[in-house]
Amino acid sequence: AEASTSYGLSPVFVVHDELGQVRGPRSELYESLETAAGAQDEPLSIIISTQAPTDQDLLSVLIDDAKTGADPRVKLALFAADDTSDPFLESTWAQANPALGDFLNATEVRDQAESARRMPAREAAFRNLVLNQRVNASTPFISRAVWEGCAGEIDEQAFAGRCYIGLDLSARHDLTVLVMVARDDDGIWHVRAEFFVPASGVIDRARRDRVPYDLWVKDGHLTTTPGASVDLALVAERLCELADDHDIAAIAYDRWRIDILQAELRRLDRELPLVPFGQGFRDMAPALDALEHALLEQKLRHGGNPVLRMCAANAVVTRHLTGDRKLDKVKATGRIDGMIALTMALGCAARGLDESAFDHFLGNVVSA
């Protein structure tokens, strides 16, 4: 429906059907209906929907707010399978489907589960549509549960040691990202992510990408640069600041626009440890293996950065005939620049470790 057709209405009762299909945290139609009900003494809105795929989507935002109990007028009835439960067990299906075996055909659900088991590409859709989990049907590189399991607090003391940076420079309208990683004495990698976006057109870009860039700017998670494109002079200055304050062993970069950054560094009369990092399977596959292992073993702390969370939720992989993998911007459902930078940083860090430490870090994945 068009939001404009609902302006001027004064509904007492609204049903939002399948609100989980709204991508991003905003819906003009939803807002117009909700604000229009303010003229009624006792308006009632009901949302009936399968969950949205990501935390940034409108329905997820509403559910998470309802869980806090901040508004006693909001009642939440959520039937969803636990993320840690075996998706192919009937007891798991029942968590999300109280009508299982009644008017919901258990045989049909069993057939869908077996199909998802045989064809892993269908598992994400099964988890979202049948188990009512927040799962992107495009099969992201890492599951939401695994990512959130590494959202612990960052230990700033770790950055007193050797640090590595991954740098993903943007096209005109994209995010520019630098991600710095450092390893503590317990072998945990701590992650600092900094994002840059052009100040001009932030709200329009938020509408286009369906993510709250404007709110992230306000909350300090995004740094704006003047103009309609990211000013790499500011990025160069920030890299110099980090190099002055930390022991930066290497700055891994994609070759895209690196000549502009290098010109800015020459203007500042600075030399930084820039290291080229290919975006093909040869360089990205072992780096992605390192990142995946750190996440699965909970050997990484990213502090719950919301922009990096968005990139993680969007990230999907493409696989070579040899089995090697890399993150694929073409197949991604949205921005993944933060995950590209994180992968390069951790991949560069893994290269910097001696062979025995590298094997220990990967859990002998390399030799296997």
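Described in the following lines is the structure provided in the data block. This structure is a prediction, so every number in the text was calculated from the model and none was measured.

Cut-offs used in this document
- Residues numbered from 1 in each chain as written.
- Predicted model: local features only at pLDDT ≥ 70, side-chain atom pairs only at ≥ 80, totals over all residues.
- Heavy atoms only, no water.
- 1 Å grid on protein atoms, 1.4 Å probe; cavity = no way out; pocket = protein on both sides within 12 Å on 5 of 7 lines; lining within 4 Å.
- Points joined across faces, edges and corners; volume = space filled by probe spheres on them.
- Helix = DSSP H or I, 4+ residues; strand = E, 2+ residues; numbered from the N terminus.
- Nonpolar A, V, L, I, M, F, W, Y, C, P; charged D, E, K, R; others polar.
- Core = buried A, V, L, I, M, F, W, Y, C linked by side-chain atoms within 4.5 Å.
- Buried < 20%, exposed > 50% of the residue type's maximum accessible area, 1.4 Å probe, protein only.
- Contact = heavy atoms within 4.5 Å.
- Phe/Tyr/Trp six-rings, centres within 6.5 Å; stacked < 30°, edge-to-face > 60°.
- Arc of directions from axis to C-beta.
- Salt bridge = Lys/Arg side-chain N within 4 Å of Asp/Glu carboxyl O.
- Polar contact = N/O pair within 3.5 Å; in protein donor to acceptor, adjacent residues only side chain to side chain.

Each pocket or cavity is described by its volume, and for the largest pocket that value is around 1,200 Å³. Only helix H1 (28–36), strand E2 (44–48) and helix H2 (58–68) provide two or more residues apiece to the lining of the largest pocket. Grouping the amino acids of the lining of the largest pocket by side-chain chemistry returns 20 nonpolar, 8 polar and 6 charged.

Counting 47 residues, the largest nonpolar core has Phe141, Leu175, Val181, Phe195 and Met339 as the members making the most contacts within it. For this core, the elements supplying multiple residues, two or more each, are strand E4 (176–183), strand E5 (189–198), helix H7 (202–209), helix H8 (213–218), strand E7 (247–253), helix H11 (281–296), helix H12 (306–314) and helix H13 (337–352). Per element, the largest residue contribution to this core is 9 residues, and it comes from H13. Setting aside its immediate chain neighbours within four residues, Leu175 contacts Asp168, Ser170, Phe195, Phe196, Val197, Tyr213, Leu222, Val307, Met310, Arg335 and Asp337. Counting 24 residues, the second-largest nonpolar core is a separate cluster that includes Ile165, Ala182, Leu239 and Leu261.

Attention now goes to the packing of aromatic side chains. In this structure the tally under the stated criterion is 1 aromatic pair. Note on Tyr213 and Trp216: the rings are 6.1 Å apart at their centroids and 70° apart in plane angle, and the pair reads as edge-to-face. Here the residue Tyr213 and the residue Trp216 both occupy positions in helix H8, the gap between them amounting to 3 residues, near one helical turn. Neither Tyr213 nor Trp216 differs from the other in exposure class; each is buried.

Within H7, the full set of buried residues consists of Val202, Arg205 and Ala206. Buried residues of H7, viewed axially, fall in a sector of 105°; they line one side. Facing away from the buried surface of H7 by more than 90 degrees, the exposed residues are Asp204 and Arg207. Backbone geometry just downstream of H7 places Arg210 in the positive-phi region, at approximately 60°.

Residue placement: Val317 occurs in strand E10 (residues 317–319). The class for Val317 is partly exposed, based on a relative accessible area of 23%. Spatially, the C-alpha atoms of Val317 and Glu241 are 33 Å apart, while their sequence positions differ by 76 residues.

Turning our attention to the pattern of salt bridges. A full pass over the atoms with the stated rule returns 21 salt bridges. The salt bridge involving Arg26 is made with Asp214; its shortest N-O contact spans 2.8 Å. Placement of the pair is Arg26 in the loop between strand E1 (13–17) and H1 and Asp214 in helix H8, with a sequence separation of 188 residues. With relative accessibility at 23%, the residue Asp214 sits in the partly exposed group. Measuring nitrogen to oxygen at the nearest pair gives 2.7 Å for the salt bridge that ties Asp64 to Arg134. Within this pair, whereas Asp64 is found in helix H2, its partner Arg134 is found in the loop between helix H5 (123–129) and helix H6 (144–148), the two being separated by 70 residues in sequence. A residue is classified by how much of its surface remains accessible, and Asp64, at 30% relative accessible area, is partly exposed. Each of Asp55, Asp64, Arg134, Glu148 and Arg309 takes part in a single network of salt bridges with overlapping partners.

Checked against the element boundaries, Asn132 lands in the loop between H5 and H6. Side-chain polar atoms of Asn132 contact the backbone oxygen of Phe79, separated by 2.8 Å. Other than its neighbours up to four places away in sequence, Asn132 contacts Ser49, Thr50, Gln51, Leu78, Phe79, Ala80, Ala96 and Arg127.

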